[in-house]
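The chain contents come next:
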4 protein chains.
Amino acid sequence: MRTGVWLVGARGSVAVTSIVGAAAVRAGLTEPIGCVTEHPVLRSDALPGLGDLVFGGHDIATISVAKKAEALAEAGVVPGRLVATLHDELVAVDEEIRPLPHGTAAEVAAAVTADLLDFRRRHDLARVVVVNVASTEAAAAPHPAHTSLETLRDALDTLPPSSLMAYAAFEAGCSFVDFTPSTGARLPALHELAVLQNVAYAGHDGKTGETLIKSVLAPMFAMRNLRVKSWSGTNLLGGGDGATLAEPAANAAKSASKQRVLSETLGYQPDGHTRIEYVPDIGDFKTAWDLITFAGFLGTPMRMEFTWHGCDSALAAPLVLDLARLTAAAHGAGRVGPLTELAFFFKDPLGEVDHALGAQFEALAVFVRSL
Amino acid sequence: MRTGVWLVGARGSVAVTSIVGAAAVRAGLTEPIGCVTEHPVLRSDALPGLGDLVFGGHDIATISVAKKAEALAEAGVVPGRLVATLHDELVAVDEEIRPLPHGTAAEVAAAVTADLLDFRRRHDLARVVVVNVASTEAAAAPHPAHTSLETLRDALDTLPPSSLMAYAAFEAGCSFVDFTPSTGARLPALHELAVLQNVAYAGHDGKTGETLIKSVLAPMFAMRNLRVKSWSGTNLLGGGDGATLAEPAANAAKSASKQRVLSETLGYQPDGHTRIEYVPDIGDFKTAWDLITFAGFLGTPMRMEFTWHGCDSALAAPLVLDLARLTAAAHGAGRVGPLTELAFFFKDPLGEVDHALGAQFEALAVFVRSL
Amino acid sequence: MRTGVWLVGARGSVAVTSIVGAAAVRAGLTEPIGCVTEHPVLRSDALPGLGDLVFGGHDIATISVAKKAEALAEAGVVPGRLVATLHDELVAVDEEIRPLPHGTAAEVAAAVTADLLDFRRRHDLARVVVVNVASTEAAAAPHPAHTSLETLRDALDTLPPSSLMAYAAFEAGCSFVDFTPSTGARLPALHELAVLQNVAYAGHDGKTGETLIKSVLAPMFAMRNLRVKSWSGTNLLGGGDGATLAEPAANAAKSASKQRVLSETLGYQPDGHTRIEYVPDIGDFKTAWDLITFAGFLGTPMRMEFTWHGCDSALAAPLVLDLARLTAAAHGAGRVGPLTELAFFFKDPLGEVDHALGAQFEALAVFVRSL
Amino acid sequence: MRTGVWLVGARGSVAVTSIVGAAAVRAGLTEPIGCVTEHPVLRSDALPGLGDLVFGGHDIATISVAKKAEALAEAGVVPGRLVATLHDELVAVDEEIRPLPHGTAAEVAAAVTADLLDFRRRHDLARVVVVNVASTEAAAAPHPAHTSLETLRDALDTLPPSSLMAYAAFEAGCSFVDFTPSTGARLPALHELAVLQNVAYAGHDGKTGETLIKSVLAPMFAMRNLRVKSWSGTNLLGGGDGATLAEPAANAAKSASKQRVLSETLGYQPDGHTRIEYVPDIGDFKTAWDLITFAGFLGTPMRMEFTWHGCDSALAAPLVLDLARLTAAAHGAGRVGPLTELAFFFKDPLGEVDHALGAQFEALAVFVRSL
């Protein structure tokens with residue numbers, strides 16, 4: 001059951017780490033650490049194998065996959081010896097990565113759809129999942145044409161890039177996963193198209209650091225009936241993502257999705273904010289510091305703080321593989337529209353779902369067994 | 001449904017905070033923050049009301065409850081104005097606290113049993129729950145006489161104090177909760193007695209700080225299939241408990257119960273240890289620092305650290321009230337022997353149970369609905 | 001040698017903590033912890049005694065000093081029993097605190113000057129030091145009239161409030177200390193007036209937390225010839241000061257003064273910024289978290305982080321007393337103009353001075369011995 | 001002025017990092033970050049150049065310098081490309097590293113002395129400095145024979161290995177630096193020998209992490225007249241040094257030297273201890289966490305904590321080069337006996353010296369100018 005994974009942003013850190021990792025697992029050079037679908041509870045024959053994934057994609061960048069992998073090795077994200085050993089496989093993936101097409105929005109969408117159909121045909125793939133791992137867009141303004149497929153057809157140029165990619169994916173009969181906080185498939189018109197095309201979609205915003213911790217600590221405070229008074233977070237990021245996210249508009253989009261877990265889990269909004277700041281020296285790693293003040297019995301004030309020093313690409317890449325496998329299997333099983341059972345993976349999940357990680361894991365397990 | 005709560009260590013910080021808190025809630029002066037049985041999911045008419053609890057107990061200390069409460073207010077554990085307002089109620093509780101009886105083990109047990117029966121009769125209580133909140137004992141050596149009730153009857157003087165209290169409680173027809181890591185009811189002979197007397201028991205070692213965090217973070221790493229490489233903890237404690245726990249024997253007992261959650265949740269034992277250290281200046285608060293190193297995809301090394309600055313008494317006291325209510329209700333509903341569904345409250349729970357906090361909460365919810 | 005301390009913002013947390021503390025020391029109820037002028041190296045008979053300080057001031061707030069002191073006790077800033085014991089002394093100070101005068105800038109200045117002269121006369125004070133502990137102003141725009149005393153006389157209404165207070169102080173023959181980052185005496189016209197009046201001035205921005213740490217850690221990295229790559233700080237503040245400083249303009253003023261120590265000590269500016277955020281629940285305490293990344297030999301990347309949980313009022317108050325004593329003694333010794341030797345106390349000191357705390361302490365010791 | 005550096009433990013992490021770094025600086029491939037003698041204030045023509053250092057030494061390990069360097073590159077301690085580029089230089093150093101001689105103590109000493117004389121002669125070195133960077137020994141018991149050179153001559157087998165090396169060095173007319181907490185030259189008999197031979201010595205225990213921070217933070221609290229109530233430290237170490245130091249005897253030796261700075265700087269000993277723990281996964285890095293509780297004005301309780309994540313070898317190696325250069329120059333300038341002016345480098349410095357880092361830096365600057 002060979003399955004295509006079409007990466008929007010295919011030459012970026014997350015994408016290339018995913019590609020290196022899948023190749024390394026296939027070659028038996030590493031264990032699939034961090035791959036949730038390899039957890040004993042979730043392993044399933046209904047999912048395409050990690051070795052059955054075939055990679056392609058688009059990117060505006062032109063650095064080769066092998067060169068990018070070497071840069072990631074230099075930065076401590078992936079082991080240098082793996083990159084050296086897998087050099088030929090990485091070069092081969094380059095053949096399947098296209099520059100972003102030029103033209104009007106309609107022309108771009110048509111070209112992407114054609115690329116997807118061509119990719120599926122040439123590799124004889126059961127199906128292709130499009131995964132957006134491009135840089136975060138500024139939060140897009142709503143537009144009346146986005147409410148129905150009919151009006152959208154004549155207004156494709158009003159779509160933000162992530163949504164245009166979802167449109168092209170759906171037109172090609174591909175499911176779509178948005179790993180970023182961008183708009184992606186979250187528009188009524190695109191939902192209509194997904195249903196029409198019998199494809200599924202999932203998102204948004206991979207949960208790889210601070211929010212992951214929040215999704216277990218906030219339920220802990222709730223279960224213990226402790227009162228969280230404030231929750232303040234600082235995220236220091238280097239690398240390309242940091243520079244993008246420090247833009248006020250993108251920062252706002254990301255920060256809002258990071259705080260949602262608190263109000264939804266606790267039932268109230270504590271004081272405090274989450275900030276994202278760009279610190280070039282930190283490179284591909286991310287340091288998050290959170291201070292939580294809370295009241296115990298009789299109001300006694302207490303506090304907890306944590307520091308998370310993670311490598312976003314190394315945390316995100318296995319989830320990209322998981323999501324591709326899960327979404328492809330769901331598509332194969334006839335699931336259409338939003339895959340709300342994949343909330344486990346996202347900061348800002350689709351649908352009215354539980355934000356506690358444990359509950360999300362159980363929902364995911366039920367989902368996998370249903371495929 | 002007036003219910004007795006008999007505290008072993010009734011003049012200690014945890015006991016007095018429980019007493020002040022229950023009085024404050026009854027008087028409408030505070031909300032029951034930190035009381036798990038007041039969580040919307042767990043609230044139940046099957047439980048005795050917080051206002052229906054009647055307190056008594058034993059202690060070798062002689063400080064009055066009101067004086068101890070003032071000292072706790074000075075230390076920032078409870079609000080001074082509450083202590084002032086509730087002065088009369090606190091003085092009244094003093095009437096129900098006995099010195100620890102003298103004599104042989106058999107005489108002590110008989111005296112405690114008599115105290116319990118007398119307490120129940122005088123206050124016309126539906127039932128009494130004995131809760132051990134005394135200082136942690138050194139880990140007790142196993143003894144052959146502890147394997148059956150028959151042999152135990154002639155060897156009561158081989159029991160550690162916490163177990164002698166459980167014996168006396170069971171003889172009086174009272175259920176028993178061990179909030180400490182001491183041996184308590186965890187002996188085959190005492191289990192036999194509990195069954196004979198149709199009473200229930202619960203324990204061990206209230207989960208109030210570092211282990212509480214571990215019980216949500218360890219499942220997070222497990223669910224994400226990340227590999228925890230090391231988990232090292234330092235607990236700095238002041239106050240009486242700190243001095244006791246810094247004794248090597250007690251330290252060993254406590255540290256072992258703190259690490260159990262890791263191996264049972266992760267399925268392997270990472271590098272690292274947990275230490276407890278006595279730092280008088282920290283007083284009734286506790287500062288725990290944990291460093292967790294873990295590997296992500298392709299082995300990328302990452303790390304997390306957290307600092308927990310909590311007030312053990314303020315965290316423990318509402319749980320003592322919860323456990324008294326739950327155990328009394330279980331006893332009333334005919335439950336006999338170990339209450340494994342109360343694992344949510346304990347570092348070192350009875351039975352083969354899940355150590356993930358979310359699963360424990362669900363088990364607790366099922367339990368409450370069954371009463 | 002009775003000496004007046006005239007506090008601008010006399011009903012605020014810093015001022016009232018200073019007043020309570022001076023009274024407590026005078027009454028022998030506490031040791032002068034945190035008073036630098038009581039350090040064995042700096043103690044000097046040339047300084048007015050802590051017990052010789054007489055307090056007065058202005059404030060727009062109307063809360064009584066005693067009430068404010070009770071609120072500070074409630075918040076854990078000062079001990080409640082001290083406030084109760086010193087009640088009469090605190091009530092007496094209220095007599096000497098005026099509302100801020102109304103009118104044109106010239107009228108306000110004249111009224112303040114009159115208040116100062118009256119205060120000095122009535123209490124028969126050797127001299128009076130005016131200390132600005134009011135809320136931080138937004139950074140003021142430069143104005144051409146501020147360059148000479150002659151032009152300033154006709155343009156008093158262009159002065160920010162802190163500078164108008166310095167003007168009034170100088171007119172009354174009083175020295176002036178700015179404990180805030182506001183403009184205060186830092187204008188050529190005001191310097192001219194200070195020289196004319198033979199008075200001294202000091203500032204700016206008391207060094208009470210994150211910057212204090214920076215002033216010893218940055219020299220450490222410099223002395224070891226390690227390369228600091230980034231230094232990022234987050235300051236979470238509650239209380240009135242937090243709300244004021246979270247205003248973007250005030251935040252900018254304060255943040256700039258916080259970063260100056262890095263570039264001046266290291267000789268280069270590392271990546272990273274300092275942010276101030278208002279978190280009401282934190283109250284009168286402040287939590288600062290800093291992450292420092294640095295390179296060692298051969299570029300090896302390393303990191304340090306620290307968390308500072310301090311009570312700004314309790315840190316600032318003894319320094320206010322120190323500054324009043326030192327400035328009064330300098331004035332008495334004939335020192336005129338900027339007291340650059342007091343850099344030890346300030347984030348943003350006057351003059352071209354060393355920013356390393358150790359060097360500043362030595363300069364201070366030389367200064368004290370010279371009086 | 002070619003100068004020999006004879007490393008005891010020449011195949012260990014610190015030694016090999018020193019060797020790689022000196023070669024890289026000589027080849028112009030890196031800047032001398034972390035070398036204190038390259039600080040503008042300390043740079044001096046009186047010191048042998050970094051490029052003039054010639055390396056040799058002893059070790060019981062047999063791994064080649066190049067192999068060890070590759071392992072250090074794998075562990076992130078030194079850059080892999082440097083190791084590859086400098087391969088030939090590293091191979092050349094291997095020629096100068098001897099196994100530890102066998103035999104009686106007298107025979108070992110004689111063999112080491114002969115090796116040193118031979119090394120100096122063959123390379124035509126102005127002088128040779130012996131630097132002990134071997135693993136920490138258990139604290140040695142005092143022995144009456146160590147009090148005079150005369151009695152020592154017949155009791156060489158009572159010397160701990162580090163002291164036997166100092167003996168051999170002095171016999172060969174070489175100065176000796178102890179970078180470890182071992183006994184080394186700190187015996188009256190060895191001092192006598194150093195004076196007799198007109199050589200100098202320095203030590204003990206390179207200040208590379210937690211103690212470095214303490215040596216600036218403790219003076220900060222002292223200068224501000226704040227009262228440190230407790231100072232508790234946890235050091236988590238991997239690598240060979242960690243395993244050695246976790247031995248209770250070595251741990252005790254190291255911990256004592258780590259606390260000395262507090263009592264000597266503050267003038268009193270706060271609560272709390274420093275612990276060293278071995279956590280293999282941490283590898284060549286070290287994570288130290290310290291909690292400091294302190295009282296401000298009126299006793300207000302506050303706290304600071306810091307985490308230091310450093311690479312001991314990368315911090316120690318440039319100091320080894322500094323010490324070799326400084327000690328050689330001092331020897332050349334006729335300095336004999338303990339070099340107390342080098343306290344800047346050590347946790348447990350020789351002589352009655354100031355433990356504040358700033359004062360130590362100034363003493364060092366005076367020393368350099370005197371050469």
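Conventions and cut-offs
- Residues numbered from 1 in each chain as written.
- Chains lettered and ligands numbered in written order.
- Predicted model: local features only at pLDDT ≥ 70, side-chain atom pairs only at ≥ 80, totals over all residues.
- Heavy atoms only, no water.
- Disulfide = S-S within 2.5 Å.
- Buried < 20%, exposed > 50% of the residue type's maximum accessible area, 1.4 Å probe, protein only.
- Pairing = 2+ DSSP bridges.
- Helix = DSSP H or I, 4+ residues; strand = E, 2+ residues; numbered from the N terminus.
- Contact = heavy atoms within 4.5 Å.
- Axes fitted to C-alpha atoms, helices over the stretch in contact; angles between N-to-C directions.
- Buried area = accessible area lost by both parts, 1.4 Å probe.
- Salt bridge = Lys/Arg side-chain N within 4 Å of Asp/Glu carboxyl O.
- Polar contact = N/O pair within 3.5 Å; in protein donor to acceptor, adjacent residues only side chain to side chain.
- Nonpolar A, V, L, I, M, F, W, Y, C, P; charged D, E, K, R; others polar.

Student: Explain the state of the cysteines here, please?
Tutor: In a disulfide, the sulfur atoms of two cysteines are covalently bonded to one another. Residues and elements named next belong to chain D. Taken as a whole and assessed by the stated rule, the structure comprises zero disulfides over all chains. Of all cysteine sulfurs in the structure, the one in cysteine 311 sits closest to cysteine 35, which takes part in no disulfide; the separation is 15 Å. Owing to a relative accessible area of 1%, cysteine 35 belongs among the buried residues under this scheme.

Student: I would appreciate a short explanation of the sheet that holds strand β6 (residues 200–203) of chain D in the present structure.
Tutor: Strand pairing in a sheet relies on backbone hydrogen bonds, with the paired strands running either antiparallel or parallel. Residue and element names in this part refer to chain D. Reading across from one edge, β3-β2-β1-β4-β5-β6-β11 is the order of the seven strands in this open sheet, with parallel pairing throughout. Among the strands making up the open sheet, the edge pair consists of β3 (97–99) and β11 (337–338). Taken together, the six bridges between strand β1 (residues 3–8) and strand β2 (residues 53–59) define a ladder with parallel strand orientation. Within β2, the residue paired with threonine 3 across the bridge is leucine 53. Here helix α5 (residues 105–123) sits on the sheet in contact with β1, β2, β3 and β4 (127–132), set at roughly 160° to β2. Sitting on the sheet, helix α12 (residues 312–332) is in contact with β1, β2, β4 and β5 (175–178), with an inclination near 140° to β4.

Student: Is there a simple way to think about the interface of chain B and chain A in this case?
Tutor: Often the size quoted for an interface is simply the accessible area lost on bringing the parts together. Contacts between the two partners involve 63 residues from chain B, matched on the other side by 63 residues from chain A. Carbon and sulfur atoms make up 69% of the area that chain B and chain A hide from each other, which totals about 4800 Å². Interface area lost by chain B to chain A is led by Arg224(B), Phe297(B) and Leu298(B), which between them contribute 20%. In this assembly, chain B and chain A are joined by two salt bridges. Of the charged contacts in the structure, one is a salt bridge between Arg227(B) and Glu31(A), with a shortest N-O distance of 3.5 Å. Where chain B touches chain A, the interface holds 15 residue pairs in polar contact (both at pLDDT 80 or more). Within the residue set of the side of chain B that touches chain A, elements represented by two or more residues are α1 (13–26), α9 (210–223), β9 (285–295), β10 (301–311), α12 (312–332) and α13 (357–370) of chain B. If one sorts the elements of the side of chain B that touches chain A by residue count, β10(B) sits on top with eleven residues. Looking at the side of chain B that touches chain A, its residues break down into 41 nonpolar, 14 polar and eight charged. In this sheet, β10(B) lies alongside strand β10 (residues 301–311) of chain A in antiparallel orientation, the contact comprising seven bridges. Looking at β10(B), one finds that Arg303(A) is bridged to His309(B).

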